[in-house]
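The lines below spell out each chain.
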Amino acid sequence: MANLHRFANPNRFLRFSRVILPWLAGITALLFIVGLYYALFASPADYQQGETVRIMYVHVPAAWISMFGYSVMAGASATALIWRHPLADITARAAAPIGAGFTLITLATGSLWGKPMWGTWWVWDARLTSVLILFFLYLGHIALSRAFDDPTRGAKAAAVLALVGFVNVPIIKFSVDWWNVLHQPASVSRLAAPAIDPSMLRPLLIMALAFTFYFLTLLLLQIRAELTHRKVRALQLAQASAQ
Amino acid sequence: MNAAFVILRRELHLALRGSGDSATTVLFFILAAILFPFGVGPEASILARIGAGVIWVVALLAAMLSLERMFLTDYEDGSLELLTLAPLPLELVVLAKIAAHWITTGLPLIVATPLLAILFGLPPQAFPILLLTMLIGTPTLSLLGCIGAALTLGARRGGVLIALLVLPLYIPVLIFGVGAIDAAVTGLPVRPHLLILASLLVVALPLCPWAAAAALRQALD
Amino acid sequence: MGGHAAFIWPALGLTAAVLILMLVATLYSLRSGEAALSRLKATREPRPGRRSPAPDAG
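Attention here is on the structure that accompanies the text. Throughout this description, residue numbers start from 1 for each chain and increase along the sequence as written. The order in which chains are written sets their letters, starting at A; the order in which ligands are written sets their numbers, starting at 1. For this predicted model, a pLDDT threshold of at least 70 governs which residues receive local features, and a threshold of 80 or more governs which side-chain atom pairs are given and counted, while totals over whole chains, interfaces and linings are taken from all residues. Excluded from the side-chain calculation are hydrogens and water; included are all heavy atoms of the structure.

### What about the packing of aromatic side chains?
Residues and elements named next belong to chain A.
- Between rings of Phe, Tyr and Trp, where Trp is taken as its six-membered ring, a pair exists when centres lie within 6.5 Å; planes separated by under 30 degrees are stacked, by over 60 edge-to-face, and by other angles tilted. With the rule as written, the count across this model stands at 13 aromatic pairs over all chains.
- The interplanar angle of 20° and the centroid separation of 6.4 Å between the aromatic rings of Y70 and F166 together place this pair among those described as stacked. Here Y70, found in helix α3 (residues 53–83), pairs with F166, found in the loop between α6 (151–165) and α7 (168–178); they are 96 residues apart in sequence, far enough to count as distant.
- Here the term buried applies to any residue with accessible area under 20% of the maximum for its type, exposed to any over 50%, and partly exposed to those in between, with areas from a 1.4 Å probe on protein chains only. Judged by its relative accessible area of 1%, Y70 falls in the buried class.
- Plain terms: the ring middles of F102 and F211 are 5.8 Å apart, the flat faces sit at 55° to each other, and that makes the pair tilted. Highlighted residues: F102 in helix α4 (residues 86–118) and F211 in helix α8 (residues 198–242), separated in sequence by 109 residues.
- A relative accessible area of 0% places F211 in the buried class.
- An aromatic cluster of three or more residues is present, and its members are F32, F68, F102, F211, Y214 and F215. Only DSSP runs of H or I reaching four residues or more are called helices, and only runs of E reaching two or more are called strands; each is numbered from the N terminus.

### A closer look at the pattern of salt bridges
- Here a salt bridge means any side-chain nitrogen of Lys or Arg lying within 4 Å of a carboxyl oxygen belonging to Asp or Glu. In the structure shown here, the tally under the stated rule is 6 salt bridges over all chains.
- Residue B:R156 is joined to A:D149 by a salt bridge in which the shortest nitrogen-to-oxygen separation is 2.5 Å. Placement of B:R156 in the loop between α7 (126–151) and α8 (158–186) and of A:D149 in the loop between α5 (126–145) and α6 is noted, with the two residues assigned to different chains.
- When its relative accessible area of 67% is taken as the criterion, A:D149 is described as exposed.
- Taking the shortest distance from any N to any O, the salt bridge between B:K97 and B:D74 comes out at 2.6 Å. Residue B:K97 is found in helix α6 (residues 90–119), and its partner B:D74 is found in helix α4 (residues 69–76); the two are separated by 23 residues along the sequence.

### A word on a nonpolar patch on the surface
- Put simply, a patch holds well-exposed residues, over 30% relative accessible area, that have no salt bridge, with like charges counted together within 9 Å and Val, Leu, Ile, Met, Phe, Trp or Tyr side chains within 5 Å. To measure how exposed things are, a 1.4 Å probe is used in the Shrake-Rupley method; for residues, cover is taken only from the protein chains shown. Judged by side-chain polarity, B:L35, B:F36, B:F38, B:V40 and B:I46 come together as a nonpolar surface patch covering roughly 490 Å² of accessible area.
- Here B:F36 shows up in helix α2 (residues 20–40).

### Some remarks on the nonpolar core
- Side-chain atoms within 4.5 Å are what join buried Ala, Val, Leu, Ile, Met, Phe, Trp, Tyr and Cys residues into a set we call a nonpolar core. Counting residues in each nonpolar core, the largest one holds 157 residues, and the members touching the most others are A:F102, B:F29, B:W56 and B:F71.
- Apart from the residues within four sequence positions on either side, A:F102 is in contact with A:A62, A:I65, A:S66, A:F211, A:Y214, A:F215, C:L19 and C:M22. Residue contacts are defined here by distance: any two heavy atoms, one from each residue, within 4.5 Å place the two residues in contact.

### Quick word on the side chain of B:T113
Residues and elements named next belong to chain B.
- Secondary-structure assignment places T113 in helix α6.
- According to the relative accessible area criterion, T113 is buried, its value standing at 0%.
- If we ignore the near neighbours within four places in the chain, the residues touching T113 are F29, I55, L130, L131 and M134.

### Digging into the interface of chain C and chain A
- With 31 residues of chain C at the contact, the number on the chain A side is 36 residues.
- A simple way to read buried area is as the amount of 1.4 Å-probe accessible surface that goes missing from two parts once joined, with both sides added. For the pairing of chain C and chain A, the buried interface totals around 3,000 Å² over both sides, and the portion due to carbon and sulfur atoms is 79%.
- Considering only the surface of chain C that becomes buried against chain A, C:F7, C:L19 and C:L40 emerge as the three largest contributors, covering 19% of it.
- In this assembly, chain C and chain A are joined by 0 salt bridges.
- By the criterion applied in these results, polar contacts are pairs of N or O atoms within 3.5 Å in which, for protein atoms, one can donate a hydrogen and the other can accept it, and in which residues neighboring in sequence qualify only through two side-chain atoms. Counting across the chain C and chain A interface gives 3 residue pairs in polar contact (both at pLDDT 80 or more).
- Put simply, the parts of the chain that give the side of chain C that touches chain A at least two residues each are α1 (5–44) and α2 (47–51) of chain C.
- When residue character is reported, Ala, Val, Leu, Ile, Met, Phe, Trp, Tyr, Cys and Pro are called nonpolar, Asp, Glu, Lys and Arg charged, and the others, Gly included, polar. Its residues assigned to classes, the side of chain C that touches chain A comprises 18 nonpolar, 8 polar and 5 charged.

Have a look at this one:
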(Lines give C-alpha, C1' and ligand atoms only; values in the text may rest on other atoms or scores of the structure.)
Protein backbone atom coordinates (compact mmCIF):
# COMPACT_ATOMS: atom_id res chain seq x y z
CA MET A 1 0.00 0.00 0.00
CA ALA A 2 2.93 2.32 0.60
CA ASN A 3 3.63 2.47 -3.13
CA LEU A 4 0.01 3.11 -3.92
CA HIS A 5 -0.24 5.98 -1.51
CA ARG A 6 2.70 7.69 -3.14
CA PHE A 7 0.34 8.41 -6.01
CA ALA A 8 -2.57 9.36 -3.79
CA ASN A 9 -1.52 12.95 -4.24
CA PRO A 10 -3.09 13.97 -7.57
CA ASN A 11 -0.33 16.46 -8.34
CA ARG A 12 2.33 13.81 -7.96
CA PHE A 13 0.25 11.54 -10.16
CA LEU A 14 -0.03 14.26 -12.79
CA ARG A 15 3.74 14.73 -12.81
CA PHE A 16 4.23 10.96 -13.08
CA SER A 17 1.73 10.70 -15.94
CA ARG A 18 3.41 13.56 -17.84
CA VAL A 19 6.70 11.69 -17.74
CA ILE A 20 5.31 8.30 -18.68
CA LEU A 21 2.69 9.31 -21.29
CA PRO A 22 5.08 10.01 -24.22
CA TRP A 23 6.71 6.63 -23.61
CA LEU A 24 3.37 4.82 -23.51
CA ALA A 25 2.19 6.58 -26.66
CA GLY A 26 5.45 5.85 -28.48
CA ILE A 27 5.47 2.17 -27.55
CA THR A 28 1.80 1.88 -28.56
CA ALA A 29 2.48 3.38 -32.00
CA LEU A 30 5.50 1.15 -32.55
CA LEU A 31 3.60 -1.98 -31.51
CA PHE A 32 0.69 -1.10 -33.79
CA ILE A 33 2.99 -0.62 -36.79
CA VAL A 34 4.82 -3.92 -36.23
CA GLY A 35 1.63 -5.77 -35.25
CA LEU A 36 -0.33 -4.59 -38.26
CA TYR A 37 2.56 -5.50 -40.57
CA TYR A 38 2.57 -9.06 -39.24
CA ALA A 39 -1.21 -9.28 -39.06
CA LEU A 40 -1.81 -8.11 -42.61
CA PHE A 41 1.27 -9.05 -44.65
CA ALA A 42 3.74 -11.32 -42.88
CA SER A 43 1.41 -14.08 -41.73
CA PRO A 44 -0.23 -16.91 -43.69
CA ALA A 45 -3.93 -17.53 -44.15
CA ASP A 46 -5.41 -20.14 -41.82
CA TYR A 47 -6.12 -23.49 -43.44
CA GLN A 48 -9.65 -23.50 -41.98
CA GLN A 49 -10.55 -19.84 -41.59
CA GLY A 50 -8.71 -18.60 -44.67
CA GLU A 51 -7.99 -14.89 -44.73
CA THR A 52 -10.65 -14.12 -42.15
CA VAL A 53 -8.14 -15.17 -39.51
CA ARG A 54 -6.87 -11.59 -39.84
CA ILE A 55 -10.01 -10.39 -38.06
CA MET A 56 -8.87 -12.50 -35.11
CA TYR A 57 -5.80 -10.29 -34.71
CA VAL A 58 -8.05 -7.44 -33.60
CA HIS A 59 -10.97 -9.46 -32.21
CA VAL A 60 -9.05 -11.57 -29.68
CA PRO A 61 -6.93 -8.70 -28.26
CA ALA A 62 -10.04 -6.52 -27.97
CA ALA A 63 -11.81 -9.32 -26.09
CA TRP A 64 -8.87 -9.68 -23.73
CA ILE A 65 -8.75 -5.94 -23.07
CA SER A 66 -12.50 -5.76 -22.51
CA MET A 67 -12.08 -8.26 -19.65
CA PHE A 68 -8.81 -6.71 -18.48
CA GLY A 69 -10.50 -3.31 -18.44
CA TYR A 70 -13.33 -4.64 -16.31
CA SER A 71 -10.83 -6.21 -13.93
CA VAL A 72 -9.01 -2.87 -13.65
CA MET A 73 -12.34 -1.20 -12.95
CA ALA A 74 -13.34 -3.76 -10.33
CA GLY A 75 -9.91 -3.65 -8.68
CA ALA A 76 -10.01 0.14 -8.56
CA SER A 77 -13.55 0.01 -7.18
CA ALA A 78 -12.51 -2.37 -4.40
CA THR A 79 -9.56 -0.09 -3.58
CA ALA A 80 -11.89 2.89 -3.50
CA LEU A 81 -14.40 1.18 -1.21
CA ILE A 82 -11.92 -0.42 1.19
CA TRP A 83 -9.07 2.10 1.41
CA ARG A 84 -10.97 5.20 0.18
CA HIS A 85 -8.07 5.92 -2.13
CA PRO A 86 -8.94 9.15 -3.98
CA LEU A 87 -7.41 8.15 -7.31
CA ALA A 88 -9.09 4.73 -7.33
CA ASP A 89 -12.55 6.29 -7.79
CA ILE A 90 -11.27 8.28 -10.72
CA THR A 91 -9.52 5.26 -12.25
CA ALA A 92 -12.69 3.18 -12.11
CA ARG A 93 -14.72 5.99 -13.63
CA ALA A 94 -12.13 6.54 -16.37
CA ALA A 95 -11.82 2.84 -17.24
CA ALA A 96 -15.55 2.32 -17.88
CA PRO A 97 -16.00 4.11 -21.22
CA ILE A 98 -12.71 2.75 -22.55
CA GLY A 99 -13.67 -0.80 -21.60
CA ALA A 100 -17.06 -0.30 -23.20
CA GLY A 101 -15.32 0.79 -26.41
CA PHE A 102 -13.16 -2.34 -26.51
CA THR A 103 -16.20 -4.52 -25.79
CA LEU A 104 -17.99 -2.87 -28.70
CA ILE A 105 -15.02 -3.68 -30.94
CA THR A 106 -15.11 -7.29 -29.70
CA LEU A 107 -18.80 -7.68 -30.51
CA ALA A 108 -18.62 -5.96 -33.90
CA THR A 109 -15.51 -7.74 -35.19
CA GLY A 110 -16.79 -11.06 -33.87
CA SER A 111 -19.99 -10.50 -35.78
CA LEU A 112 -18.09 -9.64 -38.97
CA TRP A 113 -16.06 -12.82 -38.55
CA GLY A 114 -19.09 -14.97 -37.77
CA LYS A 115 -20.99 -14.06 -40.93
CA PRO A 116 -18.54 -15.68 -43.40
CA MET A 117 -17.43 -18.47 -41.01
CA TRP A 118 -20.62 -19.54 -39.22
CA GLY A 119 -22.99 -18.06 -41.80
CA THR A 120 -24.68 -15.83 -39.23
CA TRP A 121 -24.00 -12.45 -37.64
CA TRP A 122 -24.90 -13.59 -34.18
CA VAL A 123 -25.56 -16.78 -32.23
CA TRP A 124 -27.00 -16.88 -28.73
CA ASP A 125 -24.32 -19.02 -27.17
CA ALA A 126 -22.81 -18.57 -23.71
CA ARG A 127 -19.66 -16.74 -24.82
CA LEU A 128 -21.43 -14.17 -26.97
CA THR A 129 -24.22 -13.65 -24.48
CA SER A 130 -21.86 -13.13 -21.55
CA VAL A 131 -19.80 -10.59 -23.54
CA LEU A 132 -23.05 -8.79 -24.40
CA ILE A 133 -23.87 -8.71 -20.68
CA LEU A 134 -20.38 -7.30 -20.07
CA PHE A 135 -21.17 -4.50 -22.50
CA PHE A 136 -24.39 -3.70 -20.66
CA LEU A 137 -22.58 -3.80 -17.32
CA TYR A 138 -20.15 -1.19 -18.63
CA LEU A 139 -23.05 0.96 -19.85
CA GLY A 140 -24.86 0.55 -16.53
CA HIS A 141 -21.70 1.56 -14.68
CA ILE A 142 -21.33 4.68 -16.85
CA ALA A 143 -25.01 5.61 -16.38
CA LEU A 144 -24.96 5.00 -12.62
CA SER A 145 -21.76 6.92 -11.94
CA ARG A 146 -23.20 9.96 -13.72
CA ALA A 147 -26.73 9.73 -12.30
CA PHE A 148 -26.18 11.56 -9.03
CA ASP A 149 -25.89 15.27 -8.32
CA ASP A 150 -23.10 14.44 -5.91
CA PRO A 151 -20.30 12.83 -7.95
CA THR A 152 -18.78 10.99 -4.96
CA ARG A 153 -22.10 9.26 -4.30
CA GLY A 154 -22.21 8.19 -7.96
CA ALA A 155 -18.66 6.86 -7.72
CA LYS A 156 -19.48 4.77 -4.65
CA ALA A 157 -22.67 3.30 -6.12
CA ALA A 158 -20.84 2.51 -9.36
CA ALA A 159 -18.05 0.85 -7.37
CA VAL A 160 -20.51 -1.56 -5.73
CA LEU A 161 -22.02 -2.32 -9.15
CA ALA A 162 -18.57 -2.97 -10.63
CA LEU A 163 -17.86 -5.52 -7.92
CA VAL A 164 -21.24 -7.23 -8.32
CA GLY A 165 -20.77 -7.41 -12.08
CA PHE A 166 -17.31 -8.93 -11.72
CA VAL A 167 -19.07 -12.31 -11.39
CA ASN A 168 -19.47 -12.10 -15.15
CA VAL A 169 -15.73 -12.05 -15.97
CA PRO A 170 -14.92 -15.67 -15.00
CA ILE A 171 -18.17 -16.71 -16.70
CA ILE A 172 -16.92 -15.17 -19.96
CA LYS A 173 -13.49 -16.71 -19.49
CA PHE A 174 -14.72 -20.25 -18.91
CA SER A 175 -17.98 -20.21 -20.89
CA VAL A 176 -16.32 -22.01 -23.81
CA ASP A 177 -15.04 -24.76 -21.51
CA TRP A 178 -18.16 -25.14 -19.37
CA TRP A 179 -20.68 -25.26 -22.16
CA ASN A 180 -20.30 -26.89 -25.50
CA VAL A 181 -20.81 -23.87 -27.68
CA LEU A 182 -20.19 -22.73 -31.22
CA HIS A 183 -17.43 -20.34 -30.17
CA GLN A 184 -14.05 -22.11 -30.26
CA PRO A 185 -12.16 -22.63 -26.99
CA ALA A 186 -9.07 -20.59 -26.22
CA SER A 187 -6.07 -21.76 -28.21
CA VAL A 188 -3.43 -19.49 -26.72
CA SER A 189 -3.82 -20.08 -22.98
CA ARG A 190 -2.18 -23.49 -23.09
CA LEU A 191 1.24 -21.93 -22.76
CA ALA A 192 3.19 -25.17 -22.78
CA ALA A 193 1.91 -26.16 -26.19
CA PRO A 194 -0.29 -23.49 -27.74
CA ALA A 195 -2.65 -24.94 -30.31
CA ILE A 196 -1.68 -22.18 -32.68
CA ASP A 197 1.17 -21.83 -35.12
CA PRO A 198 3.99 -19.39 -34.22
CA SER A 199 3.45 -17.52 -37.47
CA MET A 200 -0.03 -16.62 -36.21
CA LEU A 201 0.83 -16.39 -32.54
CA ARG A 202 3.34 -13.61 -33.27
CA PRO A 203 0.91 -11.06 -34.77
CA LEU A 204 -1.68 -12.01 -32.17
CA LEU A 205 0.59 -11.36 -29.22
CA ILE A 206 2.05 -8.16 -30.69
CA MET A 207 -1.44 -6.83 -31.37
CA ALA A 208 -2.48 -7.82 -27.84
CA LEU A 209 0.44 -5.83 -26.44
CA ALA A 210 -0.43 -2.90 -28.69
CA PHE A 211 -4.04 -2.96 -27.44
CA THR A 212 -2.85 -3.17 -23.83
CA PHE A 213 -0.57 -0.16 -24.21
CA TYR A 214 -3.29 1.73 -26.06
CA PHE A 215 -5.67 0.98 -23.18
CA LEU A 216 -3.12 2.23 -20.64
CA THR A 217 -2.46 5.39 -22.66
CA LEU A 218 -6.16 6.14 -22.91
CA LEU A 219 -6.64 5.36 -19.22
CA LEU A 220 -3.91 7.81 -18.16
CA LEU A 221 -5.30 10.52 -20.45
CA GLN A 222 -8.83 9.92 -19.17
CA ILE A 223 -7.69 10.03 -15.53
CA ARG A 224 -5.96 13.32 -16.26
CA ALA A 225 -9.12 14.67 -17.86
CA GLU A 226 -11.20 13.56 -14.85
CA LEU A 227 -8.73 15.18 -12.45
CA THR A 228 -8.87 18.44 -14.40
CA HIS A 229 -12.67 18.45 -14.44
CA ARG A 230 -12.71 17.74 -10.72
CA LYS A 231 -10.36 20.68 -10.11
CA VAL A 232 -12.59 22.92 -12.22
CA ARG A 233 -15.63 21.87 -10.19
CA ALA A 234 -13.84 22.49 -6.90
CA LEU A 235 -12.70 25.95 -8.04
CA GLN A 236 -16.21 26.81 -9.20
CA LEU A 237 -17.62 25.76 -5.84
CA ALA A 238 -14.99 27.77 -4.00
CA GLN A 239 -15.77 30.83 -6.12
CA ALA A 240 -19.50 30.42 -5.68
CA SER A 241 -19.16 30.20 -1.92
CA ALA A 242 -16.72 33.14 -1.85
CA GLN A 243 -19.19 35.45 -3.58
CA MET B 1 -33.98 -12.80 14.90
CA ASN B 2 -37.14 -11.53 16.53
CA ALA B 3 -36.31 -8.04 15.35
CA ALA B 4 -36.00 -9.30 11.78
CA PHE B 5 -39.55 -10.66 12.03
CA VAL B 6 -40.75 -7.32 13.40
CA ILE B 7 -39.25 -5.59 10.39
CA LEU B 8 -40.66 -8.23 8.04
CA ARG B 9 -44.09 -7.71 9.63
CA ARG B 10 -43.71 -3.95 9.27
CA GLU B 11 -42.75 -4.31 5.61
CA LEU B 12 -45.63 -6.67 4.87
CA HIS B 13 -47.97 -4.38 6.71
CA LEU B 14 -46.86 -1.38 4.69
CA ALA B 15 -47.04 -3.35 1.46
CA LEU B 16 -50.50 -4.66 2.22
CA ARG B 17 -51.80 -1.27 3.30
CA GLY B 18 -50.84 0.10 -0.08
CA SER B 19 -52.36 -3.14 -1.32
CA GLY B 20 -52.95 -1.88 -4.85
CA ASP B 21 -49.31 -2.69 -5.50
CA SER B 22 -49.53 -6.46 -5.76
CA ALA B 23 -52.70 -6.23 -7.79
CA THR B 24 -51.10 -3.72 -10.19
CA THR B 25 -48.06 -5.96 -10.64
CA VAL B 26 -50.23 -8.98 -11.45
CA LEU B 27 -52.39 -6.94 -13.81
CA PHE B 28 -49.30 -5.71 -15.63
CA PHE B 29 -48.03 -9.30 -15.79
CA ILE B 30 -51.20 -10.55 -17.44
CA LEU B 31 -51.75 -7.55 -19.71
CA ALA B 32 -48.17 -7.50 -21.00
CA ALA B 33 -48.31 -11.24 -21.70
CA ILE B 34 -51.58 -11.13 -23.64
CA LEU B 35 -50.08 -8.48 -25.91
CA PHE B 36 -48.06 -11.26 -27.51
CA PRO B 37 -50.94 -13.16 -29.15
CA PHE B 38 -51.85 -9.85 -30.78
CA GLY B 39 -48.27 -9.20 -31.75
CA VAL B 40 -47.27 -12.57 -33.20
CA GLY B 41 -50.73 -13.75 -34.23
CA PRO B 42 -53.10 -16.24 -32.58
CA GLU B 43 -51.63 -19.40 -34.10
CA ALA B 44 -51.75 -21.99 -31.31
CA SER B 45 -48.53 -23.83 -32.19
CA ILE B 46 -46.45 -20.64 -32.16
CA LEU B 47 -47.98 -19.47 -28.87
CA ALA B 48 -47.34 -22.83 -27.23
CA ARG B 49 -43.75 -22.69 -28.46
CA ILE B 50 -42.99 -19.18 -27.15
CA GLY B 51 -45.33 -19.26 -24.14
CA ALA B 52 -42.78 -20.24 -21.50
CA GLY B 53 -40.31 -17.59 -22.67
CA VAL B 54 -42.97 -14.89 -22.81
CA ILE B 55 -44.25 -15.70 -19.33
CA TRP B 56 -40.72 -15.59 -17.92
CA VAL B 57 -39.73 -12.34 -19.68
CA VAL B 58 -42.92 -10.61 -18.57
CA ALA B 59 -42.37 -11.92 -15.03
CA LEU B 60 -38.90 -10.30 -15.03
CA LEU B 61 -40.39 -6.97 -16.08
CA ALA B 62 -43.24 -7.22 -13.58
CA ALA B 63 -40.85 -8.07 -10.73
CA MET B 64 -38.90 -4.94 -11.63
CA LEU B 65 -41.88 -2.58 -11.42
CA SER B 66 -42.03 -2.27 -7.65
CA LEU B 67 -38.26 -2.38 -7.05
CA GLU B 68 -37.83 1.38 -7.10
CA ARG B 69 -40.01 1.81 -4.02
CA MET B 70 -38.25 -0.92 -2.04
CA PHE B 71 -36.14 1.57 -0.09
CA LEU B 72 -37.29 4.92 -1.49
CA THR B 73 -40.06 5.78 0.99
CA ASP B 74 -37.91 4.73 3.94
CA TYR B 75 -35.03 6.73 2.50
CA GLU B 76 -37.09 9.86 2.03
CA ASP B 77 -38.79 9.89 5.43
CA GLY B 78 -35.56 9.06 7.24
CA SER B 79 -36.61 5.71 8.69
CA LEU B 80 -33.88 3.98 6.69
CA GLU B 81 -31.31 5.85 8.74
CA LEU B 82 -33.02 4.65 11.91
CA LEU B 83 -32.95 1.08 10.61
CA THR B 84 -29.17 1.29 10.08
CA LEU B 85 -28.81 2.43 13.70
CA ALA B 86 -30.89 -0.50 14.94
CA PRO B 87 -29.05 -3.27 16.82
CA LEU B 88 -29.98 -5.61 13.97
CA PRO B 89 -27.35 -5.98 11.21
CA LEU B 90 -28.36 -4.01 8.13
CA GLU B 91 -28.00 -7.19 6.04
CA LEU B 92 -30.88 -8.78 7.95
CA VAL B 93 -33.03 -5.68 7.54
CA VAL B 94 -32.35 -5.87 3.81
CA LEU B 95 -33.19 -9.59 3.78
CA ALA B 96 -36.50 -8.83 5.48
CA LYS B 97 -37.24 -6.22 2.84
CA ILE B 98 -36.36 -8.71 0.10
CA ALA B 99 -38.67 -11.29 1.66
CA ALA B 100 -41.46 -8.73 1.82
CA HIS B 101 -40.83 -7.80 -1.81
CA TRP B 102 -41.02 -11.44 -2.86
CA ILE B 103 -44.21 -12.06 -0.89
CA THR B 104 -45.88 -9.02 -2.40
CA THR B 105 -44.70 -9.49 -6.01
CA GLY B 106 -43.08 -12.88 -6.64
CA LEU B 107 -45.80 -14.91 -4.96
CA PRO B 108 -48.73 -13.17 -6.71
CA LEU B 109 -46.93 -13.66 -10.02
CA ILE B 110 -46.63 -17.40 -9.37
CA VAL B 111 -50.33 -17.55 -8.52
CA ALA B 112 -51.20 -15.83 -11.80
CA THR B 113 -48.85 -17.98 -13.88
CA PRO B 114 -51.18 -20.99 -14.47
CA LEU B 115 -53.74 -18.65 -16.01
CA LEU B 116 -51.20 -17.42 -18.54
CA ALA B 117 -49.98 -20.96 -19.17
CA ILE B 118 -53.53 -21.93 -20.10
CA LEU B 119 -54.01 -18.86 -22.30
CA PHE B 120 -50.81 -19.70 -24.18
CA GLY B 121 -51.78 -23.36 -24.44
CA LEU B 122 -48.57 -24.71 -22.91
CA PRO B 123 -48.30 -28.51 -23.00
CA PRO B 124 -49.54 -30.03 -19.71
CA GLN B 125 -46.18 -31.62 -18.85
CA ALA B 126 -44.67 -28.10 -18.72
CA PHE B 127 -47.06 -26.83 -16.02
CA PRO B 128 -45.37 -28.23 -12.91
CA ILE B 129 -41.89 -27.34 -14.20
CA LEU B 130 -43.03 -23.80 -15.04
CA LEU B 131 -44.34 -23.32 -11.51
CA LEU B 132 -41.25 -24.91 -10.01
CA THR B 133 -38.87 -22.65 -11.99
CA MET B 134 -40.92 -19.61 -10.97
CA LEU B 135 -40.79 -20.76 -7.36
CA ILE B 136 -36.99 -21.09 -7.42
CA GLY B 137 -36.35 -18.18 -9.79
CA THR B 138 -38.48 -15.30 -8.49
CA PRO B 139 -36.70 -15.07 -5.09
CA THR B 140 -33.44 -14.61 -7.03
CA LEU B 141 -35.12 -11.78 -8.94
CA SER B 142 -36.05 -10.04 -5.68
CA LEU B 143 -32.53 -10.60 -4.33
CA LEU B 144 -30.78 -9.19 -7.42
CA GLY B 145 -33.29 -6.40 -7.80
CA CYS B 146 -32.64 -5.28 -4.25
CA ILE B 147 -29.06 -4.38 -5.23
CA GLY B 148 -30.35 -2.22 -8.06
CA ALA B 149 -32.84 -0.53 -5.75
CA ALA B 150 -30.14 0.20 -3.16
CA LEU B 151 -27.66 1.51 -5.74
CA THR B 152 -30.05 3.96 -7.36
CA LEU B 153 -31.30 5.58 -4.13
CA GLY B 154 -31.29 9.31 -4.68
CA ALA B 155 -30.33 9.06 -8.36
CA ARG B 156 -31.93 11.09 -11.10
CA ARG B 157 -34.26 8.91 -13.23
CA GLY B 158 -33.92 6.10 -10.70
CA GLY B 159 -36.59 3.88 -12.26
CA VAL B 160 -35.07 3.68 -15.73
CA LEU B 161 -31.64 3.24 -14.21
CA ILE B 162 -32.80 0.22 -12.18
CA ALA B 163 -33.91 -1.47 -15.39
CA LEU B 164 -30.52 -0.80 -16.97
CA LEU B 165 -28.65 -2.25 -13.99
CA VAL B 166 -30.88 -5.17 -13.08
CA LEU B 167 -31.97 -6.61 -16.43
CA PRO B 168 -28.46 -7.79 -17.44
CA LEU B 169 -28.17 -9.51 -14.06
CA TYR B 170 -31.55 -11.19 -14.61
CA ILE B 171 -30.45 -12.88 -17.85
CA PRO B 172 -28.98 -16.06 -16.25
CA VAL B 173 -32.21 -16.65 -14.30
CA LEU B 174 -34.18 -16.26 -17.51
CA ILE B 175 -31.90 -18.61 -19.48
CA PHE B 176 -32.10 -21.48 -17.03
CA GLY B 177 -35.76 -20.91 -16.12
CA VAL B 178 -36.85 -21.18 -19.74
CA GLY B 179 -34.25 -23.89 -20.40
CA ALA B 180 -35.85 -26.15 -17.81
CA ILE B 181 -39.32 -25.72 -19.33
CA ASP B 182 -38.06 -26.33 -22.87
CA ALA B 183 -36.28 -29.45 -21.63
CA ALA B 184 -39.51 -30.69 -20.03
CA VAL B 185 -41.46 -30.10 -23.24
CA THR B 186 -38.92 -31.90 -25.43
CA GLY B 187 -38.44 -34.73 -22.92
CA LEU B 188 -34.82 -33.90 -22.02
CA PRO B 189 -33.54 -34.04 -18.43
CA VAL B 190 -34.82 -31.09 -16.42
CA ARG B 191 -32.65 -31.58 -13.37
CA PRO B 192 -29.46 -29.78 -14.52
CA HIS B 193 -31.39 -26.58 -15.31
CA LEU B 194 -33.22 -26.71 -12.00
CA LEU B 195 -29.98 -27.34 -10.13
CA ILE B 196 -28.29 -24.33 -11.75
CA LEU B 197 -31.38 -22.22 -11.02
CA ALA B 198 -31.26 -23.37 -7.39
CA SER B 199 -27.53 -22.70 -7.12
CA LEU B 200 -28.11 -19.16 -8.44
CA LEU B 201 -30.55 -18.70 -5.57
CA VAL B 202 -28.15 -20.20 -3.04
CA VAL B 203 -25.31 -17.93 -4.19
CA ALA B 204 -27.51 -14.83 -4.34
CA LEU B 205 -29.07 -15.42 -0.92
CA PRO B 206 -26.03 -14.36 1.16
CA LEU B 207 -24.28 -12.14 -1.41
CA CYS B 208 -27.13 -9.87 -2.50
CA PRO B 209 -28.19 -8.64 0.97
CA TRP B 210 -24.54 -8.05 1.73
CA ALA B 211 -23.94 -6.02 -1.46
CA ALA B 212 -27.23 -4.14 -1.06
CA ALA B 213 -26.41 -3.29 2.57
CA ALA B 214 -23.01 -1.98 1.45
CA ALA B 215 -24.75 0.14 -1.20
CA LEU B 216 -27.23 1.46 1.39
CA ARG B 217 -24.42 2.46 3.74
CA GLN B 218 -22.77 4.36 0.89
CA ALA B 219 -26.08 6.07 0.12
CA LEU B 220 -26.54 7.19 3.72
CA ASP B 221 -22.95 8.32 4.27
CA MET C 1 -8.20 -11.36 -49.21
CA GLY C 2 -9.60 -14.71 -50.28
CA GLY C 3 -13.05 -13.45 -51.13
CA HIS C 4 -13.68 -12.24 -47.59
CA ALA C 5 -12.39 -8.70 -48.05
CA ALA C 6 -15.92 -7.43 -47.52
CA PHE C 7 -15.73 -8.65 -43.93
CA ILE C 8 -12.05 -8.14 -43.10
CA TRP C 9 -11.72 -4.47 -44.05
CA PRO C 10 -14.91 -3.33 -42.30
CA ALA C 11 -13.74 -5.19 -39.18
CA LEU C 12 -10.37 -3.46 -39.22
CA GLY C 13 -11.90 -0.12 -40.19
CA LEU C 14 -14.47 -0.32 -37.42
CA THR C 15 -11.78 -1.18 -34.88
CA ALA C 16 -9.68 1.77 -36.02
CA ALA C 17 -12.71 4.06 -35.94
CA VAL C 18 -13.66 3.12 -32.37
CA LEU C 19 -10.05 3.34 -31.15
CA ILE C 20 -9.54 6.77 -32.74
CA LEU C 21 -12.93 8.01 -31.55
CA MET C 22 -12.05 7.10 -27.96
CA LEU C 23 -8.74 8.97 -28.25
CA VAL C 24 -10.38 12.05 -29.75
CA ALA C 25 -13.12 12.09 -27.10
CA THR C 26 -10.57 11.74 -24.29
CA LEU C 27 -8.31 14.45 -25.70
CA TYR C 28 -11.29 16.74 -26.22
CA SER C 29 -12.40 16.23 -22.63
CA LEU C 30 -8.86 16.89 -21.40
CA ARG C 31 -8.49 20.06 -23.49
CA SER C 32 -11.89 21.44 -22.48
CA GLY C 33 -11.10 20.78 -18.82
CA GLU C 34 -7.72 22.48 -19.09
CA ALA C 35 -9.26 25.44 -20.91
CA ALA C 36 -11.93 25.82 -18.21
CA LEU C 37 -9.24 25.55 -15.54
CA SER C 38 -7.06 28.27 -17.04
CA ARG C 39 -10.12 30.51 -17.52
CA LEU C 40 -11.05 30.05 -13.86
CA LYS C 41 -7.50 30.76 -12.74
CA ALA C 42 -7.40 33.90 -14.89
CA THR C 43 -10.56 35.26 -13.28
CA ARG C 44 -9.28 34.33 -9.85
CA GLU C 45 -5.98 36.17 -10.11
CA PRO C 46 -7.27 39.74 -9.73
CA ARG C 47 -9.73 38.76 -7.04
CA PRO C 48 -7.46 39.05 -3.94
CA GLY C 49 -6.79 42.67 -4.97
CA ARG C 50 -10.47 43.37 -5.31
CA ARG C 51 -11.46 41.54 -2.20
CA SER C 52 -9.02 43.00 0.30
CA PRO C 53 -10.69 46.43 0.51
CA ALA C 54 -14.12 44.85 0.70
CA PRO C 55 -14.28 44.56 4.54
CA ASP C 56 -13.68 48.35 4.86
CA ALA C 57 -16.39 49.10 2.36
CA GLY C 58 -18.85 46.79 4.14
